[in-house]
Amino acid sequence: MKDASPQTIYLTDYTPPTYLVDQVDLTFRLSPNATRVISRIAFRPNPDAVSKRFFLHGEELTPISSSIDGAPVTPREVEGGIEVDVPDAPFVWEAEVEIAPAANTALEGLYMSNGMYCTQCEAEGFRKITWYPDRPDVMAPFKVRIEGDEPVMLSNGNPTGSGDGWTEWTDPWPKPAYLFALVAGDLVAREDSFTTMSGKHVDLKLWVRPGDEGKTAFGMEALKKSMKWDEDVYGREYDLDIFQIVAVSDFNMGAMENKGLNIFNTSAVLCSPETSTDANFERIEAIIAHEYFHNWTGNRITCRDWFQLSLKEGLTVFRDQSFSADMRSPSVCRISDVLSLRGRQFREDNGPLAHQVQPDSFVEINNFYTSTIYEKGAEVIRMLKTLVGDEGYKKALDLYFDRHDGQACTIDDWLTVFQDATGRDLGQFKRWYKQAGTPRLRVSEDWNDGTYQLTFTQTTPPTPGQEVKEPFVIPIAVGLIGPNGDEVVGTQVLEMTEGTQTFTFEGLAAKPVPSILRGFSAPVILERETSAQERAFLLANDTDEFNRWEAGRSLAKEVLTALITGKEAPQAIYFDALASVLREDHTDPDFRALALAIPSADDMAQTLFDSGVTPDPDVIHDATETLKQSRAEYFQDMLPRLLSEMTVTEPFAPTHEQAGKRALGHGILQMLTRLDGSKAAQALFDRADNMTLSLGALACLLNAGKADAALATFRDKWQDDALVMDKWFMLQVAHADPDKAAETVTRLTQDPAFTMKNPNRFRSVFGAFAGHPAGFHQKDGSGYRLLADWLIKLDPINPQITARMSGAFETWKRYDGDRQSLIADQLDRILATPGLSRDTTEMISRIRGA
Ligand code: 0A1
Ligand code: ZN
């Protein structure tokens, strides 16, 4: 009953469910190849229904029996499920089906990872477990009995019974099926507890495979901090007696917010100083917060249908970003968030996969867990907060929880709450949800006798299916700096609503330098012609840390662009300004490390393309190397002192303070490695007692082409630790010489430790390859062929990961005709593969375009 012909689903076709569910009782008899799932579901007709058809989703289920009110029935098999004739009154549906978790390599539904049973039901995986109205607007309380000989058997909610070979779980909170979870296996828990703001005791358990207990302490602390933060900042309390997290090795995404039983990719929860980098710790803290915050924004208030996905994801990302900012440094977090927004969402928005934050249609919903839904969705909420102010935002959120608790909602419901709470008309603001594409914001200035004017013009390029765009409401945070470096006008939020609009500042003594889009107040591309001197001035003087960084960043881009296009580069201005920042003892090392970072090859490719130049990845690579070398030489004298200042003498802690020092230390070591024959890097590698330093040193050795011995030592030491081995694989591809990258990938895929069944391992090799433009885009097309070969191999095993990885081709229209035609050949070859999954077919077809 699997969908054979991909069908497009439209938002406008939504109709309410025909039957609602009052109670779900499930029994699982676990067995790797023949698990029995027995369901007893109390249905009643929905008074709001527009039809009487009783349809249940179901895929890859072997039917055993079914009945209605105790009388056996024979369902009709239809596309994607079954149809049955039912009474026009409440009734009980009972069914038994058989499924084979051990054969499930797609990692959706009930599957096995490393000998343990686990589930992934979002978005439409529950239909692979049993027949059910698998849509998020059908919410019900669940009772689950698990029978089997696994030592630990878990499901959502509170434990309400157990005995020899069985456990029982009861989740009193009505939930959609996508939040269902089951885990069973040989697991051990780190246990702790949390007392909520109203004094309720909550048991906390973080379950891992025996041997991984030493990697659970940080995750547990992050969970408790998240619980406290959601109480303090949003007034949201946890609502069950127990909250559990389980770490699984084979998982398609980062983690999943199943009610009371979050399931995590091991990479998103397990960590220790010896095996994890500062970046790992930071990401883990954010993901734990993200999944926990879903308990209110996603679970208690869920989505009516999958077109509302950003209702929960955009909001929850915004909440986890705010949490991280509170735990760490707000400006450094903002810079990192914007870097990732530009690297992933702007890239998506400027290519064939561009789509709205609220799409109008989709073929495979798994393909819409995108940076646009998540990160741009979060930006939209950030702008909304800026526009209505902190007070307005708080009032609106209180009303949202009050009005919609227990409901499956829409993005319109969300905006209505803001209108009702603040009195503000959000008609125009809604365009951020309905128009795809990244707006370009062009600025010009005018100075006349004490009056300063800024004129903005917004234009948004066409995106697939959307030629013409209406103006957005854009909150533009602006400050003005006087010629002596003092701020003469503090941050003001200008509200742009027209296509072109002028804002006036009166009574200024001298022509100021504007600091525009402070804190990156809107997800737009700012276009402003300005001099290298002015950027250097802002890098030195802006009081807004984001814009300080942005000034340095645009200066670096200007230099790189000039080197790439063979123009004269303002290198000295850039180096001098950057050297001053590096010497600022009072400035956060993490900020300084970010100021030092050079724009990525992908970023440069998009930047060149936007300015009408066809990017050549080889040329970008060479220019970047030239810049890095001359910068290292220029900074030569200050490197040893800075490096020693960045040495952490206290025992390792994954704090922002220590991490910042290590980050800047690494930036300096990279420069030093170019000058000292990699002596310092080798010494650091030999003595490093934490993964951040060890991996940083290894990366430097790889860049210097002197990593053979270190790679062997590293492998020897870590061969039994899958997460560390992922780093070993990834690093070799990421730092390969461009003309050796494909070879390196091939060699690594022949390594006995490589497997394409584990998403983390596959991603560590092929994600790194796609993230290495000069290696991937080799002129002879070998990189394209290699990736296509593997996508074709992976598709029957794991369509979700294949579809996601095909995003490597999404930027193909940026490049020259030869490369485009080589890529087109590979896209066509993939599309012609017999039996290609719906996931991959949709992605490759969208990328290929008309
Ligand atoms: N809702 C989860 C992410 C997630 C989405 C889809 C999945 O399978 C297709 C798995 C996880 C989150 O936002 O964390
Ligand atoms: Zn989420």
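Procedures and definitions
Residues numbered from 1 in each chain as written. Chains lettered and ligands numbered in written order. Predicted model: local features only at pLDDT ≥ 70, side-chain atom pairs only at ≥ 80, totals over all residues. Heavy atoms only, no water. Helix = DSSP H or I, 4+ residues; strand = E, 2+ residues; numbered from the N terminus. Rg over C-alpha atoms; globule rule 2.2 N^0.38 Å. Buried < 20%, exposed > 50% of the residue type's maximum accessible area, 1.4 Å probe, protein only. Contact = heavy atoms within 4.5 Å. Donors = N, O, S within 2.8 Å, 3.2 Å for Na, K, Ca; no water. Tetrahedral: all angles 85-135°; square planar, octahedral: opposite > 155°, others 65-115°. Near = heavy atom within 4 Å. Polar contact = N/O pair within 3.5 Å; in protein donor to acceptor, adjacent residues only side chain to side chain. Areas by Shrake-Rupley, 256 points an atom, 1.4 Å probe, with all protein chains shown as cover. Nonpolar A, V, L, I, M, F, W, Y, C, P; charged D, E, K, R; others polar. Phe/Tyr/Trp six-rings, centres within 6.5 Å; stacked < 30°, edge-to-face > 60°. Lys NZ or Arg CZ within 6 Å of the ring centre and 35° of its normal. Axes fitted to C-alpha atoms, helices over the stretch in contact; angles between N-to-C directions. Left-handed = near helix turned anticlockwise from the far one by under 90°. Parallel < 35°, antiparallel > 145°, perpendicular 65-115°, else oblique. Salt bridge = Lys/Arg side-chain N within 4 Å of Asp/Glu carboxyl O. Expected span 1.5 Å × (residues − 1). Pairing = 2+ DSSP bridges. Disulfide = S-S within 2.5 Å.

**Section: the overall build of the chain**
- Scanning the chain from terminus to terminus reveals 26 helices and 31 strands.
- For 850 residues, the compact-globule estimate of 2.2 N^0.38 gives 29 Å, and the C-alpha radius of gyration of the chain, at 27 Å, lies within 12% of that figure.
- A principal-axis box enclosing the C-alpha atoms of the chain has dimensions of 85 × 65 × 60 Å.
- Classification of the 850 residues of the chain by burial places 59% in the buried group.
- Contacts spanning at least 24 positions in sequence make up 70% of the contacts within the chain whose residues lie at least 6 apart.

**Brief notes about the coordination of the zinc ion (ligand 2)**
- Ligation of the zinc ion (ligand 2) by protein atoms is provided by His290 (NE2), His294 (NE2) and Glu313 (OE), these donors lying 1.9 to 2.0 Å from the ion.
- Classification of the site at the zinc ion (ligand 2) rests on its four donor atoms, whose angles at the metal span 98 to 127°, yielding the label tetrahedral.
- Here the donor residues for the zinc ion (ligand 2) map to a single chain with the spacing H-x3-H-x18-E. Linking His290 in helix H2 (residues 278-293) with Glu313 in helix H3 (residues 309-327), this pair joins segments that are 23 residues apart in sequence.
- When its relative accessible area of 1% is taken as the criterion, Glu313 is described as buried.

**Topic: the site of ligand 1**
- Taken together, 15 residues form the shell around ligand 1, and within it Glu122, Glu257, Glu291, Glu313 and Tyr374 come nearest.
- Residue Ala255 places a main-chain N or O atom 3.2 Å away from an oxygen atom belonging to ligand 1.
- Between ligand 1 and His290, the relevant distance is 3.2 Å, taken from an oxygen atom to a side-chain nitrogen or oxygen of the residue.
- Calculation on ligand 1 without its partners gives an accessible area of 360 Å², and the protein chains cover 96% of this total.
- Secondary-structure elements contributing two or more residues to the shell around ligand 1 are strand S20 (255-256), H2 and H3.
- A per-class count over the shell around ligand 1 returns five nonpolar, five polar and five charged.

**Things to note about the packing of aromatic side chains**
- Summed over the entire model, instances satisfying the criterion amount to 54 aromatic pairs.
- Here Phe243 and Tyr292 contribute two aromatic rings whose centre-to-centre distance is 5.5 Å and whose plane-to-plane angle is 75°, an arrangement assigned as edge-to-face. Remark: Tyr292 occurs in helix H2 and Phe243 occurs in strand S19 (residues 242-248); sequence separation between them is 49 residues.
- Consider the rings of Phe293 and Phe323, whose centres lie 5.6 Å apart with planes at 80°: the pair is edge-to-face. Of the two residues, Phe293 is situated in helix H2 and Phe323 in helix H3; the sequence distance between them amounts to 30 residues.
- The lysine or arginine in question, Arg145, covers the ring of Trp166, its NZ or CZ lying 4.5 Å from the ring centre.
- It is Arg236 that lies over the ring of Trp296; its NZ or CZ is 4.6 Å from the centre.

**Quick word on the packing of helix H11 (residues 589-596) against helix H15 (residues 656-673)**
- The N-to-C vectors of H11 and H15 enclose an angle of 35°; their axes lie 7 Å apart at closest approach. Where H11 crosses over H15, the handedness of that crossing is left-handed. Here Pro589, Asp590, Arg592, Ala593 and Leu596 of H11 come into contact with H15, specifically with His656, Gly660, Lys661, Ala663, Leu664, Gly667, Ile668 and Met671.
- Of the residues contributing to the contact of H11 with H15, the split by class is seven nonpolar, three polar and three charged.

**Structural notes on the packing of helix H19 (residues 722-734) against helix H20 (residues 741-749)**
- One way to put it is that H19 packs onto H20 with a least axis distance of 9 Å and a crossing angle of 160°. Relative to H20, H19 is oriented roughly antiparallel. Seen from H19, the contacting residues are Trp728, Phe729, Gln732 and Val733; seen from H20, they are Thr744, Val745, Arg747 and Leu748.

**Here's the deal with the pattern of salt bridges**
- Here the structure, examined in full by the defined rule, presents 69 salt bridges.
- Linking Arg40 and Glu94 is a salt bridge whose minimum nitrogen-to-oxygen distance equals 4.0 Å. Of this pair, Arg40 sits in strand S3 (residues 35-45) while Glu94 sits in strand S9 (residues 91-99), and the two are 54 residues apart along the sequence.
- The salt bridge involving Asp816 is made with Arg819; its shortest N-O contact spans 2.8 Å.
- Given a relative accessible area of 2%, Arg819 falls into the buried group.
- Within this structure, Asp616, Asp618, Lys779, Asp816 and Arg819 form a network of salt bridges that share partners.

**Re helix H13 (residues 617-635)**
- For H13, spanning 19 residues, the distance from its first C-alpha to its last is 27 Å, which sits close to the expected 27 Å at 1.5 Å a residue.
- When H13 is considered as a whole, its buried residues turn out to be Pro617, Asp618, Ile620, Ala623, Thr624, Leu627, Arg631, Ala632 and Phe635.
- The backbone nitrogen of Asp618 has a side-chain oxygen 2.9 Å away, supplied by the residue at the start of H13, namely Asp616.

**With respect to the sheet that holds strand S11 (residues 116-120)**
- Judged by pairing direction, the sheet is antiparallel, and its four strands sit side by side in the order S10-S11-S16-S13 without closing on themselves. Looking at the sheet topology across the chains shown, the edges are occupied by strand S10 (109-113) and strand S13 (152-155). Neighbour to neighbour, the strand axes of the sheet diverge by 20° on average, direction disregarded.
- For S13 and strand S16 (residues 182-185), the ladder comprises four bridges, and the chain directions are antiparallel. The residue of S16 that forms the bridge with Leu154 is Val183.

**Examining the pairing of strand S27 (residues 474-481)**
- Among the eight residues that make up S27, eight are buried, leaving the element largely enclosed by the rest of the structure.
- Pairing analysis gives seven bridges linking S27 to strand S28 (residues 487-496), with the strands arranged antiparallel. Note on S28: the bridge partner recorded for Ala477 is Val493.
- When S27 meets strand S30 (residues 513-516), the two strands line up antiparallel, connected through four bridges. Across the sheet, residue Gly479 finds its bridge partner in S30, namely Ser515.

**Notes on H3**
- The first and last C-alpha atoms of H3 sit 27 Å apart over 19 residues, in line with the 27 Å expected at 1.5 Å per residue.
- Among the 19 residues in H3, 17 count as buried, and that is most of the element.

**Observations regarding the side chain of Ser310**
- Tracing the backbone shows Ser310 in helix H3.
- Judged by relative accessible area, which is 2%, Ser310 ranks as buried.

**Examining the sheet that holds S27**
- In space, the three strands of this open sheet follow the order S28-S27-S30, with antiparallel pairing throughout. Either end of the sheet is taken by a strand with one partner, and the two such strands are S28 and S30. Ignoring which end each strand starts from, the neighbouring axes of this sheet average 25° apart.

**Brief notes about the environment of Gly566**
- Residue position: Gly566 is located in the loop between helix H9 (545-565) and helix H10 (571-583).
- Assessed through its relative accessible area of 67%, Gly566 is described here as exposed.
- The sequence separation of Gly566 and Leu672 amounts to 106 residues, and the corresponding C-alpha distance is 27 Å.

**Let's talk about the state of the cysteines**
- Here the structure, examined in full by the defined rule, presents zero disulfides.
- Left without a disulfide partner, Cys118 is nearest to the cysteine sulfur of Cys121, which lies 10 Å away.
- Not part of a disulfide, Cys303 finds its nearest cysteine sulfur in Cys409, a span of 8.6 Å.
- With relative accessibility at 0%, the residue Cys303 sits in the buried group.

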